[in-house]
Amino acid sequence: MSDQAETMRPTRTPAFEARLKKRYASERRFKVLGLGAILFSVAVLVFLLINMTVSGLGGFQRTELAVPVDFTQAGLTVPANPVDEREVVQALQRQGLPEVISFSAEQALGEEGAAHVNNEAWRLVGQQIATDPSMLSQRVELWLPTSENLASAYAGDGNAELQPLAQQLADQGLLEDRFDFGFLQRADATDPQLVGIWGALKGSILTMIVTLALAFPIGVLAALYLEEYAPKNRWTDLIEVSINNLAAVPSIIFGLLGLAVFLAIFPGYRSAPLIGGMTLALMTMPVIVIAGRNAIKAVPPSIRDGALAIGASPIQVVFHHVLPLALPGILTGTIIGMARALGETAPLLLIGMRAFVATPPEDFTSNATVLPMQIFLWSDEIDRGFVERTSAAIIVLLVFLLLMNGLAIYLRNRFEKRW
Amino acid sequence: MSASTLLLLVLGLGLAGWLVARSRATMFRRAASDNRIASLPNYHGWYAALWIAAPALLFAIVWAAVSDSLVLQSVLADPAAADLPPFGLQRETILSQAQAVASGAAQTVTNPAANALVEPFRRASSFYGIIGVVVTLLLAGTGAAIAFLRLKPDFRARNRVEKAVLGGLLVASLVAILTTVGIIASLVFETIRFFGMVNPIDFLTGTNWAPNPMTDDSNPDPARYGAVPLFWGTFFIGVVIAMLVAIPLGMMSAIYLNQYAAPRVRTWLKPALEVLAGVPTVVYGYFAALTIAPAIRDIAIALGVQNPSSESALAAGLVMGVMIIPFVSSMADDSIAAVPQAMKDGSLALGATQNETIKRVLVPAALPGIVAGIMLAISRAIGETMIVVMAASATARLSANPLEAMTTVTYQIVANLTGEASTDSAATLAAFALGFVLFLVTLALNVIALRVVKRFREAYE
Amino acid sequence: MSDSETQTVDAGVALSNPSGKSLEHETIDVGEPKMRARDVDVFYSDKKAIDSVSIDIHTEFVTAFIGPSGCGKSTFLRALNRMNDTIPSARVTGCIELDGEDIYASGMDVVQLRARVGMVFQKPNPFPKSIYENIAYGPRIHGLVESKTDIDEIVEKSLRRAGLWEEVKDRLEDSGTALSGGQQQRLCIARAIAVEPEVILMDEPCSALDPIATAKIEELIDELRGRYGIVIVTHSMQQAARVSQRTAFFHLGSMVEYGLTSDIFTNPRKKRTQDYITGRYG
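Residues numbered from 1 in each chain as written. Chains lettered and ligands numbered in written order. Predicted model: local features only at pLDDT ≥ 70, side-chain atom pairs only at ≥ 80, totals over all residues.

### Looking at the overall build of chain C
Link 1 in the chain: A count of helical and extended segments in chain C gives 11 helices and 10 strands.
Link 2 in the chain: Counting the 282 residues in chain C, one finds 47% classified as buried.
Link 3 in the chain: Put simply, 69% of the contacts in chain C that link residues at least 6 apart link residues at least 24 apart. (Helix = DSSP H or I, 4+ residues; strand = E, 2+ residues; numbered from the N terminus. Buried ≥ 20, exposed ≤ 12 C-beta atoms within 10 Å, placed from the backbone. Contact = placed C-beta atoms within 7 Å.)

What follows is the structure, given as structure tokens:
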């Protein structure tokens, strides 16, 4: 080929090189766009987490007032050999503990003092006395939760008349936000100063136990059947389509099912973890089946052949060889499905798990609410004190979800085998 | 005897049967001339345990489900129940209080009318409780007798047990079909009842949505049940606004992760997206209602918009879009990764730059998978409930202005089912009809998308 | 040219035939090589896949790389247009020049390089687009065409050169993937030709094809010779003998022998080459 022909090559002209510059510029733009897109998502995540953490940290605290109480003058006594804390608190109530607290508050803060201390503060004092009866022979300074009004005044809104008082008390070091352990031990209440997350958390745990107990065995068995034994026919196809579709059906539809079927069969168990768990189990089961089938599919056929060749029956092959090898994958899928169920609200809304539940549920059939539902209920409250409590509840929920997802990722990395 | 004690008792009996049958099989084996029996002792144990526990358990579960209504029926048949008010809340309260006292859950009743019913309740529940226990034990005993009569040294227990296991597996996988049937049946049943009150054509084409639970249930005003504004709101929030956010961002994220990111960067960014996908929808809803919606309102006011809604469609749609990003991204990632390397090599070998290869070869080749992913994303967006319940509005409005308040199908399902309306009111039944429409639409999207994905995967395998 | 003589020594390649038999190609061997590789090593992570290969590629004839599978011939081929860049762990050292320019130098643009050194792969990989769009793809991305008539012209010319025009001219809008395997491979060759490359690298282009399709491709390669420098990797010695004028024998990552195809097959100078040619291994 002559030199003249060489220069004719369209890919070696100056015009080509000029175009090349533009193409590289567009390449860089495209790459930046991609990075920007993913950084946007990360930024939203970070913003959301920081937002929740900042406002949620306040939710783990509550405004408390320092009140000196002189028990030596009160003449209160603890009953001998009390059965439990409740009995002590009731006895103290009868002996006038609430009045003692109100009186002390009035002594410290003037006539309005009793109104600034929370109505239920005496109960906390009673509980403290139950664990430490020697308090009754002392003069002690107690940090008591304030009334809702004083708390919001301290936070800078609410009743304008109370704000100077709150400011003054805070300057004297008598009023401050203190870490509230009780938030992790109490249940729902109408007063944001008194709410707790334990009731909802326990409801979630009970619900999840029901969900796991139903969805895991059914899911694993169905996955085994479909992957190992199912004949190729129309029924199997129907089952497959059903499962794949159920995994993508909006969760609220499961709520309608729970409402129309489960609540019709068990009308007495409205807002019980049993019904909630059953509804969520139907939602979680397809996720477990799909994860399970993938894990079972990943077990190489050579292992089945090896076991069959030494005379194991098909059932033995599956239960002795295939299932143990597939188990890490199945567990990973199960945890992910359970995490999704833990954060689910919509179906439970329909089956009535939105009740106001002031005591933690006792068992699977008592009235209960769950963590995400508690968040939803608190987010509807107008009182400002609930805003921070809601964020705190979200933090608790997110911590659980992160733990579960972390466990799933750990399992996946630890046991993932490449055959 | 409570249901859980009964359950434990049956399981205990099963365990006992397992132990006895197993040790008996060991004896058989010792007695046999060549120390061999047809099946291992373990299988003898399982055979006995299955016969004892399976029928009894099945009965106990069914009994737990039906005994409550049996008790109620016998109480209502009692002469003391004749004075009950015929319908409504008061009747329910009296019955539930009487039941609570009878079962020991409560000490006293607040409604004196309930007192008379406590004793019938107590009698009926102990009567049916005893029946339950007796039948359960009888079933367990019969099972045990059958099992032990059959268990002989030459009995092939293993084959029988395996057959039962296989049956169990089949039943487990039928639960999926049962669930689907349950969903369809419950939705269809209530929807038909609703269409008995409101003409389906009015429902599907009417443009006024204002159900009133206080009106006469037997004759609701069909003009108040026009669902078009709901469909529009759902479409506008879930498909238009959310997808405008989710598709570009999700696609670009997937492309960056799949084609540009260094492996080390990828190992950090991918889990971050997964975390975003794992955030519960109630948290997104809270975020939308408390942070995004007021911000949008403030911006709109700053831009001079008159009376922007604090429950704007834009807030719910934007947050929903962010929620869907990881979903679109992971579907697109999978689809692009499924395009054979040869395709990419072919383009690069022609001198295409990376983004030319992506835009002109990889994305078109992955398009079926991507489209299917977007269909699944839409199906998820229109079924999303918590974000719209918390951030969207109850106002049904046909408008293309994203700053206006709009309502969605899911919002109205929740609103009409958690209100005070009785279970038979038109508003309640309308929620089921809406649910049915939602189910059909998402079903169609899912089935088509899953089929496309399946074909797409097969094409490149 | 003295330069070219030194190269010959460098490469350890004797192009003059010791037996004195005169070959028709011998007279044009003196021309400047299109590509020139010196002491090229390729590493995958720490594993050395290619060990110090030096070779010249001329436009005037077809060069074949032969050798047992896993010997590194494809790896070396991919080093010639930097397709190894797509494998993150791959690393190339030594010097590869195209018209005297180092293709691994920072001044060399990889996009332009690949436009100049095209490649055809082992498995036909038409894009999932129409036949027309498959051919038009390269000229379009490089901006070589402006009007629809330009593209039509290039598509027809490329398909004609690839010997595919008559077979597909009535169904240019059909998907490229709908063609038979042999047609797909010729489509891929046409696609490469459409950007007027200087060298075409072919990585076992016939290994997935039946004998008739293979014969067509071989015929095509012969027709393209002279217009484009062609390097073909093949595991079939017969194919190398049929289509090439120069042959390099690779074994265990190094180039054992390079010379006139006729010499390699009839009179190899290395024992390993002879063993391979006579079928002792591979």
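### Overview of the confidence of the model for chain C
Link 1 in the chain: In this model, chain C carries a mean pLDDT of 85, and residues with pLDDT of at least 70 account for 89%.
Link 2 in the chain: Predicted complex metrics record ipTM = 0.90 and pTM = 0.86. (pLDDT = per-residue confidence, 0-100.)

### Let's talk about the interface of chain C and chain A
Link 1 in the chain: Contacts between the two partners involve 13 residues from chain C and, on the opposite side, 7 residues from chain A.
Link 2 in the chain: Of all the elements, helix H3 (residues 110–116) of chain C adds the most residues to the side of chain C that touches chain A, at 4 residues.
Link 3 in the chain: Considering only residue class, the side of chain C that touches chain A consists of 4 nonpolar, 4 polar and 5 charged. (Nonpolar A, V, L, I, M, F, W, Y, C, P; charged D, E, K, R; others polar.)

### A closer look at the interface of chain B and chain A
Link 1 in the chain: Contact with chain B, which involves 67 residues of that partner, is made by 66 residues of chain A.
Link 2 in the chain: If you tally residues by element for the side of chain B that touches chain A, the top one is helix H5 (residues 157–197) of chain B, at 19 residues.
Link 3 in the chain: Residue composition of the side of chain B that touches chain A, by class: 42 nonpolar, 21 polar and 4 charged.

### Observations regarding unusual backbone geometry
Link 1 in the chain: Unlike most non-glycine residues, A:Ser271 shows phi in positive territory, near 55°.
Link 2 in the chain: Within the element layout of this structure, A:Ser271 appears in the loop between helix H11 (251–265) and helix H12 (273–297).
Link 3 in the chain: Residue C:Asp39 is not a glycine yet carries a positive backbone phi of 45°.
Link 4 in the chain: By the C-beta count within 10 Å, which is 12 here, C:Asp39 ends up exposed.

### Points about the sheet that holds strand E5 (residues 101–102) of chain C
Residues and elements named next belong to chain C.
Link 1 in the chain: One open sheet holds the 4 strands; their spatial order is E2-E1-E4-E5, and the pairing between them is antiparallel. Both outer strands of the open sheet, strand E2 (47–57) and E5, are each paired with one neighbouring strand and no more.
Link 2 in the chain: With 7 bridges joining them, strand E1 (residues 35–44) and E2 adopt antiparallel strand pairing. Considered in E2, the bridge of Ala37 is made with Ile55. (Pairing = 2+ DSSP bridges.)

### As for the domain arrangement of chain B
Link 1 in the chain: In terms of domain boundaries, chain B breaks down into domain 1 (3–155) and domain 2 (222–460).
Link 2 in the chain: For domain 1 of chain B versus domain 2 of chain B, the distance between C-alpha centres works out to 48 Å. (Domains from an automatic or database assignment.)

### Points about the nonpolar core
Residues and elements named next belong to chain B.
Link 1 in the chain: Ranked by size, the top nonpolar core spans 274 residues in total, and within it Ala288, Ala316, Val319, Val328, Ile387 and Ala391 carry the most contacts.
Link 2 in the chain: When residues in this core are grouped by element, the largest group, 18 residues, is from helix H7 (residues 228–260).
Link 3 in the chain: Contact partners of Ala391, with chain neighbours within four places excluded, come to Gly285, Ala288, Ala289, Ala293, Glu311, Ala315, Ala316 and Val319.
Link 4 in the chain: Counting residues in hydrophobic clusters, the runner-up holds 27 residues, among them Ala21, Ala25, Phe28 and Ala49. (Core = buried A, V, L, I, M, F, W, Y, C linked by C-beta atoms within 7 Å.)

### A look at the pairing of E1(C)
All names here are of chain C.
Link 1 in the chain: As paired strands, E1 and strand E4 (residues 90–98) are joined by 8 bridges and run antiparallel to one another. Looking across to E4, one finds that Arg38 is bridged to Cys95.
Link 2 in the chain: Linking two consecutive strands that pair antiparallel, namely E1 and E2, is a turn of 2 residues; a positive phi of about 50° is found at Ser45 within it.

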